[in-house]
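Structure assessment
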Amino acid sequence: MPQYAVDSNTNEIVEIGAWLLTRHRRGKPLCRVHNCGVTLTIVGEHNPDRATHFRHPPSTNCPSILTNAVPYRQLQNVPIDHAQIATIKMVFLNNIHQIFNKCSSLIPNLSFQEFFEIIENAHNLNIWGYRDIDLEYIPYILCTCNPYFVQRTPYRNHPFHFVFSEIQRVDELWINAGNNAHVIYRVDRTTQDVENINIIFDLNNFNNHSNLPQNRINSINVLLN
Ligand SMILES: [Zn+2]
């Protein structure tokens, strides 16, 4: 249950405890997800057995609500260009350490096994053929290639999943590159709090060395060839 909301007066993100103390000077508590933005209610305030939190109105389609988090929803029916598949795979394999390092920045404590599994799922979805895809989008797409990531000590207190904002299908990101939908949400599946992560082209800032072992890289090579 969300602990944070956006103040409709100031656009500030406010934690529930702070909200209760200062609400006389606040507006309405809004959901942090851009394409949701509904007014949340406060529940549990007078119930000592329950932690106070924000809540969505019933029958919302907000992607932070677990029943709305349909795996691979935005990766369906993307037009495929068969002519580019070999090239995209090669570029991907040539940059595998940078991709791993960037994915690790998005998915805290990413294990080698998880990295292999998301590539396996991506391969089954044939993301290499997504028409006009840029390598820079691939780490973000990989984040959505797992239904969710389990809790994993350290750095990962709760399970979470990823969903792209405001789009029905992932290629809308590059078909309509001027839109303001260049955000991916990391949704905490325990608290339903959402972190907004801006989609940026910074793969070159990541090291092209990593701890990813050679035998994992060999398995990825075998998978893709
Ligand atoms: Zn919402």
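Residues numbered from 1 in each chain as written. Predicted model: local features only at pLDDT ≥ 70, side-chain atom pairs only at ≥ 80, totals over all residues. Heavy atoms only, no water.

Some words on the overall build of the protein
A tally of helices and strands in the protein yields seven helices and eight strands. Structurally, the protein occupies a C-alpha span of about 60 × 35 × 30 Å along its principal axes. A total of 225 residues make up the protein; the buried ones form 48% of that total. Across the protein, every contact between residues at least 6 apart in sequence was considered, and the portion connecting residues at least 24 apart equals 63%. A total of about 11,400 Å² of accessible surface is found on the protein, and carbon and sulfur atoms cover 48% of it. The average position of the 17 basic charges and that of the 19 acidic charges among the side chains of the protein differ by 4 Å. (Helix = DSSP H or I, 4+ residues; strand = E, 2+ residues; numbered from the N terminus. Buried < 20%, exposed > 50% of the residue type's maximum accessible area, 1.4 Å probe, protein only. Contact = heavy atoms within 4.5 Å. Areas by Shrake-Rupley, 256 points an atom, 1.4 Å probe, with all protein chains shown as cover. Lys, Arg positive; Asp, Glu negative; His and termini not counted. Charge placed at Lys NZ, Arg CZ, Asp CG, Glu CD.)

Thoughts on the sheet that holds strand β2 (residues 13-15)
The three strands lie next to each other as β2-β1-β3, forming an open sheet whose pairing is antiparallel. Since the sheet does not close on itself, it has two edges, and those belong to β2 and β3 (29-30), each with one partner. Inspection of the sheet shows strand β1 (residues 4-7) paired to β3 by two bridges, in the antiparallel sense. Bridge pairing links Asp-7 to Pro-29 in β3. (Pairing = 2+ DSSP bridges.)

Structural notes on the packing of helix α4 (residues 112-124) against helix α7 (residues 214-224)
When two helices pack together, their arrangement is captured by the angle between the axes and the distance separating the axes. Close contact between α4 and α7 brings their axes to 11 Å; oriented N to C, the two are set at 10 degrees. In terms of orientation, α4 lies roughly parallel with respect to α7. Residues Phe-112, Gln-113, Phe-115, Phe-116, Ile-119, Glu-120 and His-123 of α4 touch α7, and the partners they reach there are Arg-216, Ser-219, Ile-220, Leu-223 and Leu-224. Of the residues belonging to the contact of α4 with α7, the class tally is seven nonpolar, three polar and two charged. (Axes fitted to C-alpha atoms, helices over the stretch in contact; angles between N-to-C directions. Parallel < 35°, antiparallel > 145°, perpendicular 65-115°, else oblique. Nonpolar A, V, L, I, M, F, W, Y, C, P; charged D, E, K, R; others polar.)

Observations concerning the pairing of strand β6 (residues 160-164)
Consecutive side chains of a regular strand alternate in pointing toward one face of the sheet and then the other. Taking burial as the measure, the five residues of β6 include five buried ones, the bulk of the element. Burial along β6 is two-sided: the residues Phe-160, Phe-162 and Phe-164 and His-161 and Val-163 are all buried. Where β6 and strand β7 (residues 183-188) come together, five bridges link them in antiparallel fashion. Within β7, the residue paired with Phe-160 across the bridge is Asp-188.

A word on the coordination of the zinc ion
For a metal with four tetrahedral donors the ideal donor-metal-donor angle is 109.5 degrees, while six octahedral donors give ideal angles of 90 or 180 degrees. For the zinc ion, every protein donor is listed as Cys-31 (SG), Cys-36 (SG), His-56 (NE2) and Cys-62 (SG), and the spread of their distances is 2.1 to 2.3 Å. Coordination of the zinc ion draws on donor residues from a single chain, spaced C-x4-C-x19-H-x5-C in sequence. Separated by 25 residues along the polypeptide, Cys-31 in the loop between β3 and β4 (41-43) and His-56 in the loop between β5 (53-55) and α2 (85-94) bring together distant segments of the chain. Residue Cys-31 shares its accessibility class with His-56, and that shared class is buried. (Donors = N, O, S within 2.8 Å, 3.2 Å for Na, K, Ca; no water.)

Regarding the pairing of β1
As defined by bridge partners, β1 adjoins β2 across three bridges and the pair is classed as antiparallel. In the strand pairing of β2, Ala-5 is matched with Val-14. A loop of five residues connects β1 with β2, the two strands running antiparallel in sequence, and Asn-11 in this loop sits at a positive phi of about 65 degrees.

Digging into the sheet that holds β6
Across the sheet, three strands lie side by side as β6-β7-β8; this open sheet has antiparallel pairing. Of all the strands in the sheet, just β6 and β8 (194-198) have a single pairing partner and so form its edges. The mean inter-strand angle of the sheet, taken between neighbouring strand axes irrespective of direction, is 25 degrees.

Everything listed here is a matter of geometry and, on its own, says nothing about what the molecule does.
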